[in-house]
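Topology and contacts: notes
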Amino acid sequence: MSEIIKKNLSELIDLIKKKEIKSEELANLYINKVNKSKKLNSYITTCFEHTIQKSKEFDKKPNLNSLLPGVPLAVKDLFCTNGFKTTAGSKMLENFIPQYESTVTENLWKEGAILLGKLNCDEYAMGSSNETSYFGNVINPIAKDTVPGGSSGGSASALAADLTPATIGTDTGGSIRQPASFTGTVGLKPTYGLCSRWGIVAFASSLDQAGPMTKSVKDCSIMLEAMAGFDKKDSTSIEKKKENYSKNLKTDIKGLKIGIPKEYRVENMPKEIDELWNKGKSILKDLGADIIDISLPHTKYALPTYYIVAPAEASSNLARYDGVKYGYRSSKGNDLIEMYENTRSEGFGDEVKRRILIGTYVLSSGYYDAYYLKAQKVRQLIKKDFDENFGKVDAILTPSTPSSAFKIGEKTNDPISMYLNDIFTVPVNLAGLPAISVPAGLDKKGYPLGLQLIGKTLDEQNILNVAYAFEKNCNFKNEIKNWWL
Amino acid sequence: MSIDKDKIKHISKLARISIDSNKSDSLAKDLTSIFKFIEQLNELNTDKVEPLSSILNTPLRSREDKINDGKIRDKVLENSPKKNEEFFVVPKVIE
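What counts, and where the lines are drawn
- Sequence order sets the numbering: in each chain, residues are counted from 1 along the sequence as written.
- Lettering of chains starts at A and numbering of ligands starts at 1, both following the order in which they are written.
- Totals for whole chains, interfaces and linings use every residue, but because this is a predicted model, local features are given only for residues with pLDDT of at least 70 and side-chain atom pairs only at 80 or more, for both listing and counting.
- Excluded from the side-chain calculation are hydrogens and water; included are all heavy atoms of the structure.
- Helix and strand assignments follow DSSP, with helices taken as H or I runs no shorter than four residues and strands as E runs no shorter than two, numbered in order from the N terminus.
- Throughout, the radius of gyration refers to the C-alpha atoms, and the reference size of a globule is 2.2 Å times the residue count to the power 0.38.
- Any pair of residues with heavy atoms lying within 4.5 Å of one another is described as a contacting pair.
- Each residue is placed in one exposure class: buried if its accessible area under a 1.4 Å probe, protein chains only, is under 20% of its type's maximum, exposed if it is over 50%, and partly exposed if it falls in between.
- Note that accessible areas follow from Shrake-Rupley with a 1.4 Å probe, and for residues the cover is restricted to the protein chains shown.
- Per-residue confidence from the predictor is reported as pLDDT, which spans 0 to 100.
- By the convention used here, strands pair only if DSSP detects at least 2 bridges between them.
- Axes here refer to lines fitted to C-alpha atoms; in helices the fit is confined to the stretch in contact. Angles between the N-to-C directions go from 0 to 180 degrees.
- In this analysis the probe radius is 1.4 Å and the grid spacing 1 Å, with only protein atoms considered; a cavity is a set of points the probe fits into but cannot get out of, a pocket is an open set with protein on both sides within 12 Å along at least five of seven lines, and lining residues have an atom within 4 Å of a point.
- Grid points are joined across faces, edges and corners, and a volume is the space filled by probe spheres set on the points.
- Ten residue types, Ala, Val, Leu, Ile, Met, Phe, Trp, Tyr, Cys and Pro, are classed as nonpolar, four, Asp, Glu, Lys and Arg, as charged, and the remainder, Gly among them, as polar.
- For any pair of parts, buried area is found by adding up, for both, the accessible area (1.4 Å probe) each one loses once the two are put together.
- Salt bridge, as used here, is a side-chain nitrogen of Lys or Arg placed within 4 Å of a carboxyl oxygen of Asp or Glu.
- In this description, a nonpolar core means a group of buried Ala, Val, Leu, Ile, Met, Phe, Trp, Tyr and Cys residues linked to one another through side-chain atoms lying within 4.5 Å.
- Counting rule for disulfides: a pair of cysteine sulfur atoms within 2.5 Å.
- Helices are assigned an expected span. That span is 1.5 Å times one less than the residue count.
- Patches were defined on residues exceeding 30% relative accessible area and lacking a salt bridge, with like-charge contacts within 9 Å and nonpolar side-chain contacts (Val, Leu, Ile, Met, Phe, Trp, Tyr) within 5 Å.
- Under the convention used here, Asp and Glu are negative, Lys and Arg are positive, and both His and the chain ends fall outside the count.
- Note that the charge is assigned to NZ on lysines, CZ on arginines, CG on aspartates and CD on glutamates.
- Here a pair means two rings of Phe, Tyr or Trp (six-membered ring of Trp) with centres within 6.5 Å. Their orientation is stacked below 30 degrees between planes, edge-to-face above 60, and tilted elsewhere.
- For a ring to carry a charge above it, either NZ of a lysine or CZ of an arginine must fall within 6 Å of the ring centroid while also lying within 35 degrees of the normal to the ring plane.

Looking now at the overall build of chain B. Within chain B, the secondary structure is distributed over three helices and two strands. Seen in sequence order, chain B has helices and strands lined up from the N terminus as α-α-α-β-β. The C-alpha atoms of chain B give a radius of gyration of 22 Å, which is well past the 12 Å a tight globule of 95 residues would have. Projecting the C-alpha coordinates of chain B onto the three principal axes gives extents of approximately 55 × 45 × 25 Å. In chain B, the proportion of contacts linking residues at least 24 apart, taken out of those at least 6 apart, comes to 29%.

Structure follows, in structure tokens:
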């Protein structure tokens, strides 16, 4: 197997720019390995004819000034791709072929990237292990019986297994950062509004954000730069100038104040995670940062708040799947209402139905104040916790997840234990902040663990810089042995 | 809040999802434990807290009420499970 595809995105871009490799050659290397890696089940759809055609076109007239010149990329199957099936991991959209392109993917193609295929994910991005996908479990290349995390599980698995040089996911409660942590890769959830949501299959609109998943922090800055930008088609898109994250990346973090929230030291957290957190603190301290203890008192209420807000928004977003305009339609039922009920019963999987029912209930007459309004109030308190502390610190360091990758089937019978995976990532979505997960070490099983850096609103550059400095001094090495080939 | 079979029937009707009766017991059990988890929020006094309805500091933008696309009927119909020329087809609604 070629050594070239093990390289980071930024190294591949250099090779293309120096004309040491052609786009078509690179595409063929990935296609070759994807074809041999079906066991991982990380791809739902491939479009290799398109990839080769586009890479040939690129090689004929290469634009080497773009950010992603002729780079083949696979994306999470939640981004609508014009003319290519977009399933959201659901039977409901098994045969759905969008007639338009999502803004974020369009931005990648404008920068020279070429679509390789669509990556598996939890159904409608609802899950933390990729086990809710209608298209089957995804395997973590770390070890054959482990989950890659979720919901961007196919993205994380494909990236770690060198089946794409970089990728994009979406993060509603941790769906980029948790799988990044589980696979020893870098994942960033941008500030709410930095990347357009237009053309992304909606889960919870006040929380959803697209973001990059990469092998290095530098790669992450390149991808973010390519994806981000104002879009008038998304009413919550932030109007601001484009930033050059990759050019402005630096390792000098002297004098930066890094907060350590005591509430993130949760009960039953494995000792290894605590040790890793301490390692992170001492690396940043040695680089000249000030480590400051802080308190985010409402942290424990973030998950219960999330499990009201996210299902409520999901229940209204998913009301559109009625078997009329697009998607699956049941053949059973004597009238329109029965057709709706059967379509939604047969088309959605168990976890999606569970969340639609929770959401419907918390929004229903007589319960709205007790649940939904209450959750919006607590969300305010969670946001205030961060606002108050960002007067005192520049970034916050926490573990990314309360454990390393777990076994397939280990948590599927207990929804709450599955939800607890996102305990460190969910508060960030509720507050709309940017956060990045960087690989930090291996546990005793040899499975990767990540640390999370949380930043102020639109302070992506700062957390990228801290992560970059951390990465350079941490010496993390992913140990993936290609056992599935 | 404990969720029983009747409540499941009521919510699933509102959500337009038919639930197999042999699945509603386990669903009721799951939802009960999720609501127990959610109800931790009741420990907090939020009487004087403003609900957060948008994370953005600026109000949502509005646009002029002007047609900015159109002539995409075929694209709109492209993915419909059942169509007849330029119409979506649904089961009979009016007797």
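There is more to say after this.
The helix and strand tally for chain A stands at 15 helices and 11 strands. At 21 Å, chain A has a C-alpha radius of gyration in line with the 23 Å of a compact globule built from 485 residues. In chain A, which comprises 485 residues, the proportion classed as buried is 66%. Within chain A, contacts between residues at least 6 apart in sequence are counted, and of these 76% link residues at least 24 apart. Accessible surface for chain A amounts to roughly 16700 Å². Of this, 47% is attributable to carbon and sulfur atoms.

When pLDDT is averaged along chain B, the result is 91, and 99% of the positions lie at 70 or above. Here the complex is predicted with pTM 0.97, and the ipTM for its interfaces comes to 0.95.

This next bit is on the sheet that holds strand β1 (residues 43–46) of chain A. Residues and elements named next belong to chain A. Reading across the sheet, the three strands line up as β1-β3-β2 and stay open at both edges, with mixed pairing between neighbours. Strand pairing shows two members of the sheet lacking a second neighbour, β1 and β2 (72–76), which therefore form its edges. Strand-to-strand twist in this sheet, taken as the mean axis angle between neighbours without regard to direction, amounts to 35 degrees. Two strands pair when backbone bridges link them, and β1 and strand β3 (residues 114–119) are joined in this way by three bridges, in the antiparallel orientation. Paired with Thr46 across the strands is Gly117, a residue of β3.

The subject of this paragraph is the layout of surface pockets. Over the atoms, a rolling probe the size of a water molecule traces out where space has been left empty. Each pocket or cavity is described by its volume, and for the largest pocket that value is around 1200 Å³. Lining the largest pocket are 34 residues, and of these Tyr100, Trp198, Gly199 and Lys233 of chain A together with Asp69 of chain B sit closest to its centre. Its residues assigned to classes, the lining of the largest pocket comprises 14 nonpolar, seven polar and 13 charged. Within this model, the second largest pocket holds a volume of roughly 730 Å³. Around the second largest pocket, the lining is made up of 26 residues, and of these Lys6, Asn8, Lys215, Lys477 and Asn478 of chain A lie nearest the centre. Listed by contribution, the elements that provide at least two residues to the lining of the second largest pocket are α1 (9–17), α5 (153–160), β10 (435–442) and α15 (460–474) of chain A.

On to the interface of chain B and chain A. On the chain A side, the residues contacting the 51 residues of chain B number 68 residues. Interface area for chain B against chain A, summed over the two sides, is near 5300 Å², with a carbon-plus-sulfur share of 68%. Counting every contact that joins chain B to chain A gives four salt bridges. Where Asp30 of chain B meets Arg354 of chain A, a salt bridge forms, and the shortest distance between an N and an O atom there is 2.8 Å.

Residues and elements named next belong to chain A. Counting 150 residues, the largest nonpolar core has Leu68, Leu108, Tyr124 and Phe386 as the members making the most contacts within it. Among residues more than four places away in sequence, those in contact with Phe386 are Tyr264, Leu296, Ile396, Pro427, Ala431, Leu433 and Ile454. Among the nonpolar cores identified, the runner-up in size contains eight residues, and Ala143, Phe182, Ala405 and Phe406 belong to it.

Moving on to the state of the cysteines. Residues and elements named next belong to chain A. Within the structure shown, the criterion is met by zero disulfides over all chains. Cys80 supplies the cysteine sulfur nearest to Cys47, a cysteine that is in no disulfide, at a spacing of 15 Å. Its relative accessible area of 9% is what places Cys47 among the buried residues. Not engaged in a disulfide, the cysteine Cys195 finds its nearest cysteine sulfur in Cys220; these two sulfurs lie 10 Å apart. The buried category is assigned to Cys195, whose relative accessible area is 0%.

We now examine the pattern of salt bridges. In the structure shown here, the tally under the stated rule is 24 salt bridges over all chains. The structure contains a network of salt bridges with shared partners spanning Glu351, Arg354 and Arg355 of chain A together with Asp30 of chain B.

The next point concerns helix α9 (residues 302–317) of chain A. Between its first and last C-alpha atoms α9 of chain A spans 22 Å; for 16 residues at 1.5 Å apiece the expected length is 22 Å, and the two agree. The buried fraction of α9 of chain A amounts to 15 of the 16 residues, a majority that puts the element mostly inside the structure.

Residues and elements named next belong to chain A. Positive charge collects at one region of the surface, where Lys110, Lys232, Lys233 and Lys242 lie side by side. With respect to the element layout, Lys110 can be found in helix α4 (residues 103–110). Take Lys110: its relative accessible area is 60%, and that puts it in the exposed class.

With respect to the secondary-structure elements, Asn389 of chain A resides in helix α12 (residues 369–389). Apart from residues lying up to four places away in sequence, Asn389 of chain A is in contact with Ile294, Ser295 and Leu296 of chain A.

Here we take up the packing of aromatic side chains. Residue and element names in this part refer to chain A. One pass over the full model with this rule turns up 19 aromatic pairs over all chains. With centroids separated by 5.4 Å and ring planes inclined at 85 degrees, the aromatic side chains of Trp483 and Trp484 adopt a geometry described as edge-to-face. The rings of Phe96, Tyr124, Tyr321, Tyr326 and Phe348 are connected pair by pair, giving a single aromatic cluster. Its end group placed over the ring of Trp198, Lys233 keeps NZ or CZ at 3.9 Å from the ring centre.

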